Structure formats: structure tokens, C-alpha cells
Amino acid sequence: MTTRTLAIVSAGLSQPSATRLLADQLAAATRDELAGRGETVDLRHVVLREHAHEVTNNLITGFPAESLRAVLDTVTGADGLIAVTPIFNASYNGLFKSFFDLVEADALTDRPVLIAATGGTARHSLALEHAVRPLFAYLHAVVVPTSVFAAPEDWASGEADAGLRSRIDRAAAELAEQVHRRPVSTGPADPFALTTNFEELLGRREP
């Protein structure tokens, strides 16, 4: 049985967090979908509020702390990614954007990603399409068609209502299919690895 890794990034600032709750439910649904395809899943949660100071320091100094480097490797080395942000002022929050600003260019190329968000009103749902999806398109990730937005009225006693549950299940199935059809990830790319040999770099040709 194949084991997949799934990174779940949640950028909620409050505790408890509706953003984390949505992330957890998306992760569980994707895990179940992959289990139905004969794969086990290692869920790796990244709660950005726990790394906020490290993210800020990295932006200032240009170098990540060891613990933040491990988090970035978790995200870029996973088979799939679930990224969930609260919506502030019709866009992702600053912590979410600052974290993904630290991801190396092309590190998420061809990586399946499910995007989701929470907000105080359903009117903010379009932020997923005009702000979050373009961010991951720029990073060359493969964003699944269904994005998931949850407003306060979508929750009933801490559980997703029927409409939200349907969106969660549909998005999870799309992410699971994209992950399942790809080779198992070998981890984050080595930024210092050579992509060609020295002869090619020097323009030499065999006689």
C-alpha cells in the first residue's frame, strides 16, 4: 500500500479557529478518498500562527530559522497541499501571503493544491478565485477546480452543513484523484542540485 504525504496549511489567527476547523475537515475527507484508492496518508499540519515570528524574521533577513526551514520542506515535499486562509479585506491574510512568498520558485510546480477560505460573509467567497487561485497559478501548482468557502452560517454546532459538506467532499475527491495519478513525492527539491553536468555548462562537446 502506497503512503502519501498531505500538507495542510491553515492561516487562521484566532484560537479556536474556523480556518483550522475547515482545514481539518478537508484533510480528513481527502484522506478517506485516498484510502478508497488503496493509499494511506500521512497528514502534516502547518498552523501558520505558530510560525509568524519566524516568517517575519525570514522576510527581513532572507534566511529561515531551522524550524521554519522544516515547515517549508514539509509543504514543498508533500504529495498534495491543502491551503486555507481567512479572508481579510477581500483577499488572503498577510500571514498566508508572507509564508508563500518564502516558497522557492518552482517548488510547487505540478503539485496538486486544494484552496479554501473562511470569512464573515459569503460575499467574500469570490476572493478564492480572484486572489488565492492566481497565487498558486503563479507558483505553477495544479489547483483543483472546486474551491471551498465557509461562512459562519455554513456551520451547525461545529459541523459542516449539507451544502458545505458537499463542497468539501467534491474538492477532496478532486485532490485525491490528482495526487493518486502522480508518482510518490521524493521530498523537497535540492536547491543546490545541478540540473546539468559540467561539460554542458562549459559548452563542451564530445569529439
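Residues numbered from 1 in each chain as written. Predicted model: local features only at pLDDT ≥ 70, side-chain atom pairs only at ≥ 80, totals over all residues. Heavy atoms only, no water.

Draft legend 1. Here's a closer look at the packing of helix α1 (residues 18-36) against helix α6 (residues 162-180). In contact at an axis separation of 8 Å, α1 and α6 are set at 50° when each is read in the N-to-C sense. One finds that α1 runs oblique with respect to α6. The hand of the α1/α6 crossing is right-handed. On α6, the residues that touch L22, Q25, L26, A29, T30, E33 and L34 of α1 are L164, R165, I168, D169, A172, A173, L175, A176, V179 and H180. Residues that form the contact of α1 with α6 fall into these classes: eleven nonpolar, three polar and three charged. (Axes fitted to C-alpha atoms, helices over the stretch in contact; angles between N-to-C directions. Helix = DSSP H or I, 4+ residues; strand = E, 2+ residues; numbered from the N terminus. Parallel < 35°, antiparallel > 145°, perpendicular 65-115°, else oblique. Left-handed = near helix turned anticlockwise from the far one by under 90°. Contact = heavy atoms within 4.5 Å. Nonpolar A, V, L, I, M, F, W, Y, C, P; charged D, E, K, R; others polar.)

Draft legend 2. Spatial organisation of unusual backbone geometry. The residue after Q15, namely P16, is reached through a cis peptide bond having omega 5°. Take P16: it is sitting in the loop between β1 (2-10) and α1. One non-glycine residue with positive phi stands out, namely D110, at about 65°. Within the secondary structure layout, D110 lies in the loop between α4 (94-101) and β5 (112-118). The exposure class of D110 is partly exposed, given its relative accessible area of 40%. (Buried < 20%, exposed > 50% of the residue type's maximum accessible area, 1.4 Å probe, protein only.)

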